[in-house]
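# What the coordinates show
Below are the chains, spelled out letter by letter.
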Amino acid sequence: MSASDWSNLTLQLEESLISALGHYLDNWRRNETAAANALDKTIAEENFWNVIWYLAVMIGMFAFIVVAMLVSTVKSKRGEHSNDPYHQYIKEDWTAQLQQSDVISNFAAR
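What you see is a predicted model; the values in this text were computed from it and never measured.

### Here we look at the overall build of the protein
The helix and strand inventory of the protein stands at three helices and zero strands. Taken from the N to the C terminus, the helices and strands of the protein come in the order α-α-α. Among the 110 residues that make up the protein, the fraction classed as buried is 0%. Of the accessible surface of the protein, which amounts to about 10500 Å², a share of 66% is contributed by carbon and sulfur atoms.

Set out below in structure tokens:
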């Protein structure tokens, strides 16, 4: 074989590989595009507005329950009266401890 035969063989091999690779990539892109189009069609057919409304209602109900619990807790704490026996016990216990600590601190200061 002469040098020109080898160069022709190399050129033919190069052209056939480029053609095969190009054909493969074109088919791959076509398949990928078809899959993407099918997915877009499926997503377009689904109605996501129902999902959005469902989430909005659920979050609203959760927020309402949390606010109701906070308001009821604040109102129950505000409803405590100072003449409640348990409240009086705590008040007297704290004032006794404060007076005792004042006596101890005054004694230590002398």
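### Digging into a nonpolar patch on the surface
On the surface, Leu39, Ile43, Phe48, Val51, Tyr54, Leu55, Val57, Met58, Ile59 and Met61 cluster together to form a nonpolar patch covering roughly 950 Å² of accessible area. The set of elements that each furnish at least two residues to the nonpolar patch consists of helix H1 (3-45) and helix H2 (49-78). At seven residues, H2 tops the list of elements feeding residues into the nonpolar patch. Tracing the backbone shows Ile59 in helix H2. Overall, Ile59 belongs to the exposed group, its relative accessible area being 57%.

### Thoughts on the confidence of the model for the protein
Residues shown with low pLDDT carry predicted positions that ought not to be read at fine detail. In the predicted model, the protein carries a mean pLDDT of 76, and the fraction of residues at 70 or more is 63%. The least confident element of the protein is helix H3 (residues 85-109), whose mean pLDDT is 62; the most confident is H2, at 89.

Cut-off values and rules
- Residues numbered from 1 in each chain as written.
- Predicted model: local features only at pLDDT ≥ 70, side-chain atom pairs only at ≥ 80, totals over all residues.
- Heavy atoms only, no water.
- Helix = DSSP H or I, 4+ residues; strand = E, 2+ residues; numbered from the N terminus.
- Buried < 20%, exposed > 50% of the residue type's maximum accessible area, 1.4 Å probe, protein only.
- Areas by Shrake-Rupley, 256 points an atom, 1.4 Å probe, with all protein chains shown as cover.
- Patch = residues over 30% accessible without salt bridge, like charges linked within 9 Å, V, L, I, M, F, W, Y side chains within 5 Å.
- Salt bridge = Lys/Arg side-chain N within 4 Å of Asp/Glu carboxyl O.
- pLDDT = per-residue confidence, 0-100.

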